Amino acid sequence: MMQQIAIQKSKTKIALGLLGSLIFIGLGFVFTFYPPQMRLSSSYITFIGILSIVTFGIFAIFISKKLFSRAQSLIINDQGIIIPKTGLIAWQDICGFTTIEIYRTKLIRIDVIDAEKYLDKMAKINQLLAIKTQQLYGSPFIISSHSFKCKFSYLASLLQDKLREYHGAL
């Protein structure tokens, strides 16, 4: 019997992401209301400032929700992997894990037998994002260790080991 493993969020990493977003929002305000004298036109610089405020404002909202959320980030147990907003992905539906790299960030793709089974259970906005992820990367489920209190190599080997453990128990 597999013990339940909870991978905690790293509040420090999330807070640094929020700080970065706030810095870019501040720069956006400077560019919007006090455009520096550059070779570019002031209207172009103002546009860049507004774009920065909107983009990083959205990031800041999502990061703040993640920072103050009490939910576990990732739970691994006998039944499978529990991902917030996705729910349980059962071991019997997992074919394997693939490491992918996007802009020098390593991610773990969860390869599943029937993705539709899980997509149908998701809230509409999460479902749309998962469908786009599936189109881009081949699976709707991608895990990044970036906001966890563990290293990527630990998480990747833990998931592989637990999948092997599940298949060995069959």
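Shown above is the structure to which this text applies.
Here goes a summary of the coordinates provided.

1. Things to note about the packing of helix 1 (residues 11-33) against helix 2 (residues 42-68)
The interhelical angle for the contact between helix 1 and helix 2, taken along N-to-C directions, is 155°, at an axis separation of 7 Å. Considering the angle they form, helix 1 stands roughly antiparallel to helix 2. The two elements helix 1 and helix 2 cross, and the hand of that crossing is left-handed. Here the contact of helix 1 with helix 2 is built from residues that sort into 16 nonpolar, nine polar and two charged.

2. What about the sheet that holds strand 1 (residues 5-7)?
The strand order 1-2-3-4 describes an open sheet built from four strands, whose pairing is antiparallel. On the outer flanks of this sheet lie strand 1 and strand 4 (87-90), each paired with one strand and no other. Across the sheet, the mean angle from the axis of one strand to that of its neighbour is 20°, orientation sign disregarded. Direction of pairing for strand 3 (residues 80-83) relative to strand 4: antiparallel, over a ladder of four bridges. Counterpart to Ile83 in the pairing with strand 4 is Gly87.

3. Digging into the layout of surface pockets
Reported here for the largest pocket is a volume of approximately 2,000 Å³. Looking at the largest pocket, it is lined by 42 residues, and the ones nearest its centre are Lys66, Leu129, Ile142, Ser144 and Ser147. No other element matches the eight residues that helix 4 (residues 124-137) contributes to the lining of the largest pocket. Looking at the lining of the largest pocket residue by residue, the classes come out as 23 nonpolar, 13 polar and six charged.

4. Side note on the packing of aromatic side chains
In the structure shown here, the tally under the stated rule is five aromatic pairs. Between Trp91 and Tyr166, the aromatic rings sit 6.5 Å apart at their centres with planes inclined by 25°, giving stacked as the arrangement. With a gap of 75 residues between them, Trp91 in the loop between strand 4 and strand 5 (94-102) and Tyr166 in helix 5 (residues 152-169) connect regions that are remote in the sequence. An aromatic cluster is built from Phe24, Phe56 and Phe59, whose rings are joined through pairwise contacts.

5. What about the pairing of strand 5?
Both strand 5 and strand 6 (residues 105-112) contribute to a ladder of eight bridges, which runs antiparallel. Bridged to Thr98 within strand 6 is Arg109.

Rules used in this analysis
- Residues numbered from 1 in each chain as written.
- Predicted model: local features only at pLDDT ≥ 70, side-chain atom pairs only at ≥ 80, totals over all residues.
- Heavy atoms only, no water.
- Axes fitted to C-alpha atoms, helices over the stretch in contact; angles between N-to-C directions.
- Helix = DSSP H or I, 4+ residues; strand = E, 2+ residues; numbered from the N terminus.
- Parallel < 35°, antiparallel > 145°, perpendicular 65-115°, else oblique.
- Left-handed = near helix turned anticlockwise from the far one by under 90°.
- Nonpolar A, V, L, I, M, F, W, Y, C, P; charged D, E, K, R; others polar.
- Pairing = 2+ DSSP bridges.
- 1 Å grid on protein atoms, 1.4 Å probe; cavity = no way out; pocket = protein on both sides within 12 Å on 5 of 7 lines; lining within 4 Å.
- Points joined across faces, edges and corners; volume = space filled by probe spheres on them.
- Phe/Tyr/Trp six-rings, centres within 6.5 Å; stacked < 30°, edge-to-face > 60°.

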